[in-house]
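# Geometric and topological summary
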Amino acid sequence: PNPGQGRAQGTGSGFIIDAAGFIVTNNHVVDGASRVTVKLEDGRELPTRLVGRDARTDIALLKVEAGAPLPFVALGDSERAQPGDWVVAMGNPFGLSGTVTTGVISATGRDIGAGPYDDFIQVDAPINQGNSGGPLFARDGGVIGVNTAIFSPTGGSVGIGFAVPSNMVKRVVAELREKGQVERGFLGVSTQPVNAAMAAALKLPGKAAEAPQGALVAGVERDSPAAKAGLKPGDVVTALDGKPCLLYTSDAADEEDSV
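The structure reproduced in this document is the subject of the present report. (Residues numbered from 1 in each chain as written. Predicted model: local features only at pLDDT ≥ 70, side-chain atom pairs only at ≥ 80, totals over all residues. Heavy atoms only, no water.)

## Here we look at the pairing of strand β5 (residues 59-64)
- Counting buried positions along β5 gives six out of six residues, so the element sits mostly inside the fold.
- Residues I59, L61 and K63 line one face of β5 and the alternating positions A60, L62 and V64 line the opposite face, and both faces are buried.
- Here five bridges tie strand β2 (residues 22-26) to β5, and the two strands are oriented antiparallel to one another. Bridging from a neighbouring strand, F22 pairs with K63 of β5.
- Judged from the six bridges that link them, strand β4 (residues 45-54) and β5 form a sheet pairing that is antiparallel. Across the sheet, L50 pairs through a bridge with L62, a residue of β5.
- Where β4 folds back on β5, the antiparallel hairpin that results is connected by four residues, among which D58 adopts a positive phi of roughly 60 degrees. (Buried < 20%, exposed > 50% of the residue type's maximum accessible area, 1.4 Å probe, protein only. Helix = DSSP H or I, 4+ residues; strand = E, 2+ residues; numbered from the N terminus. Pairing = 2+ DSSP bridges.)

Have a look at this one:
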């Protein structure tokens, strides 16, 4: 701090995901902190080590040494979350530790303009200042999200809260635990989802036209990996993740290229 200024103290939430003492919270909870202390439900306050953090997904991983295995919660499968499902949010709003609120999922896959990896679960369970980093539980007890943001004209809860989905958290935490940071590849493309109108206009063959899916390549950066691989605007990417990636092109929809 500058001369004459005191140190500020903030609060947030987090949850233990491993008996060894690994804790998930939001990046914005610990960003800029000179010291982080974790207070457990049994009242113990433990010094904390920052393992790593990722600003783009607003996730941070902490580690405490408790001298014995700690109780923990498991990250569930956020892909199973559906609008209308009941959820429970837990956290430390306004310093009131152990606060529990309930509600339903309003939407999944929300983009709120927070960053390039927006894929939030929207809930109406009350979330307030201090809830950030806390777990969002499904009815089966699995954590399906990390409470991260709210929309509020007043600063308090108006029933519009957002959580980072647990499947994204799993991937980020795995990299933070191994490397202390998240390393991302660069393709150099901009994409948009394929809908029925696009499928008809592009004359996609077979199942691609009957059940539109995939990503339409809207633009390719010059000299990017995507450009060198032969991707062009108008291509539609229909498969990824270790399998042959099939591209249906707008200027030759009857041809199929593998990359």
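## Notes on the layout of surface pockets
- Volume-wise, the largest pocket comes out at about 1700 Å³.
- Considering the residues around the largest pocket, the lining is formed by 45 residues, among which G12, T37, V38, K39 and N92 are closest to the centre.
- When its residues are assigned to classes, the lining of the largest pocket shows 18 nonpolar, 19 polar and eight charged. (1 Å grid on protein atoms, 1.4 Å probe; cavity = no way out; pocket = protein on both sides within 12 Å on 5 of 7 lines; lining within 4 Å. Points joined across faces, edges and corners; volume = space filled by probe spheres on them. Nonpolar A, V, L, I, M, F, W, Y, C, P; charged D, E, K, R; others polar.)

## Focus: the side chain of D118
- For D118, the location among the structural elements is in the loop between β7 (99-110) and β8 (120-123).
- For the buried D118, which has no salt bridge, the nearest side chain bearing the opposite charge is R110, at an N-O separation of 10 Å.
- Separated by 2.9 Å, the side chain of D118 and the backbone nitrogen of I112 make a polar contact.
- In this structure D118 touches R110, D111, I112 and G113, once residues within four positions along its chain are discounted. (Lys, Arg positive; Asp, Glu negative; His and termini not counted. Salt bridge = Lys/Arg side-chain N within 4 Å of Asp/Glu carboxyl O. Polar contact = N/O pair within 3.5 Å; in protein donor to acceptor, adjacent residues only side chain to side chain. Contact = heavy atoms within 4.5 Å.)

## Notes on the sheet that holds β5
- The strand order across the open sheet built from five strands is β1-β2-β5-β4-β3, with neighbouring strands paired in antiparallel fashion. With one partner strand each, in any of the chains shown, β1 (15-16) and β3 (37-39) form the two edges of the open sheet.
- Contacting β2, β4 and β5, helix α2 (residues 166-179) runs over the sheet at an angle of about 50 degrees to β5. (Axes fitted to C-alpha atoms, helices over the stretch in contact; angles between N-to-C directions.)

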